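Each chain, letter by letter, is given below.
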Amino acid sequence: VFIHGLLGSHLDWDPQLKSPELQRYRLITYDLRGHGLSGSADKPFGMADLVSDLATLCDELGIRKATFCGLSVGGLVCQGLWQERPDLFRRLILCDTAPRIGSAEIWAERIAGIEKGGLDSAADNAMARWFTPAFHEDRADELAGYRLMMTRQSLSGYLSTCAALRDTDFSDVLPTVT
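The rules behind each value
- Residues numbered from 1 in each chain as written.
- Predicted model: local features only at pLDDT ≥ 70, side-chain atom pairs only at ≥ 80, totals over all residues.
- Heavy atoms only, no water.
- Helix = DSSP H or I, 4+ residues; strand = E, 2+ residues; numbered from the N terminus.
- Phe/Tyr/Trp six-rings, centres within 6.5 Å; stacked < 30°, edge-to-face > 60°.
- Buried < 20%, exposed > 50% of the residue type's maximum accessible area, 1.4 Å probe, protein only.
- Pairing = 2+ DSSP bridges.
- Contact = heavy atoms within 4.5 Å.
- Axes fitted to C-alpha atoms, helices over the stretch in contact; angles between N-to-C directions.
- Right-handed = clockwise from strand over helix to strand, strands pointing away.
- Expected span 1.5 Å × (residues − 1).

> In this structure, what is going on with unusual backbone geometry? I would like to understand it.
For residues besides glycine, phi is generally negative; the peptide bonds are generally trans as well. The phi dihedral of Leu-7 falls on the positive side, at around 70°, and the residue is not glycine. Within the secondary structure layout, Leu-7 lies in the loop between strand 1 (2-3) and helix 1 (14-17). For Asp-96, which is not a glycine, the phi torsion comes out positive at approximately 45°. With respect to the secondary-structure elements, Asp-96 resides in the loop between strand 4 (89-95) and helix 4 (104-130).

In structure tokens form, the structure reads like this:
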């Protein structure tokens, strides 16, 4: 089960899903609430909601044990799921994440900036951080697609996810992962 990062979607995992080494597995991707094709997030939500969404997805799909791979905020969702439902885990892969990402001040600044400048400003910053100069130069069409995906996401979903990141600290959970 692959869980994407902030401003991402299930499509972020396409290159990995095409890997011949993974073809023998049942591979699951989904869009976090307020991201990708999940629809608009009409009311504010927090990390507990994102964790509950994943637990419900696993239950609905009949997943009893899985390997979970979480990127950034997806890694926090995995840590929260471990706290609530360790019975679901076969393995855990945490990518570019931590038990606490950033500080409350950083997330407050980000939220204020997005409220003022919209998702375009977040997408511009993400493009600069996520993709190398060579990618910008050699794969401009692909880059434009990623940027479009980001700017079409739900503003309220993005802001709620930023608030969830601001409010989440799994420092006490990570040491319990076996």
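> For this particular structure, what's the right way to read the packing of aromatic side chains?
Two measures describe an aromatic ring pair: the distance that separates the ring centres and the angle between the ring planes. Applying the stated criterion to the full structure yields five aromatic pairs. Seen in terms of ring centroids, Phe-68 and Phe-89 are 4.6 Å apart; in terms of plane orientation they differ by 45°. Their pairing is tilted. You can see Phe-68 sitting in strand 3 (residues 66-71) and its partner Phe-89 sitting in strand 4, a full 21 residues away along the chain. Accessibility classification places Phe-68 together with Phe-89 in one group, the buried group. The interplanar angle of 75° and the centroid separation of 5.3 Å between the aromatic rings of Trp-82 and Phe-89 together place this pair among those described as edge-to-face. Each residue in the set Phe-68, Trp-82 and Phe-89 is aromatic and connected to the rest through ring pairs, giving one cluster.

> How should the sheet that holds strand 4 be read in this particular structure?
Pairing between the strands of a sheet is mediated by backbone hydrogen bonds and can be parallel or antiparallel. Reading across the sheet, the four strands line up as 2-1-3-4 and stay open at both edges, with parallel pairing between neighbours. Where the open sheet ends on each side, the last strands, each with one partner, are strand 2 (29-30) and strand 4. Here strand 1 pairs with strand 3 via two bridges, running parallel. Bridging across to strand 3, Phe-2 finds its partner in Cys-69. Helix-sheet contacts for helix 3 (residues 73-84) involve strand 1, strand 2, strand 3 and strand 4, and the interaxial angle to strand 3 is about 140°.

> Any chance you could explain the pairing of strand 3 here in plain terms?
Regular strands place their side chains on alternate faces of the sheet. Alignment of strand 3 against strand 4, held across six bridges, turns out to be parallel. Its bridge partner being in strand 4, Cys-69 is matched across the sheet by Ile-93. In this view, the connection linking strand 3 to its parallel neighbour strand 4 by way of helix 3 has right-handed handedness.

> What is the right way to look at helix 3 in this model?
What sets the pattern is the α-helix's 3.6 residues per turn: residues three or four places apart point alike. With twelve residues, helix 3 ought to run about 16 Å at 1.5 Å a step, and its terminal C-alpha atoms sit 17 Å apart, in line with that. Among the residues of helix 3, those classed as buried are Val-73, Gly-74, Gly-75, Leu-76, Val-77, Cys-78, Gln-79, Gly-80, Leu-81 and Trp-82. Along its buried surface, helix 3 packs onto strand 1, strand 2, helix 2 (47-60), strand 3, strand 4 and helix 7 (155-167).

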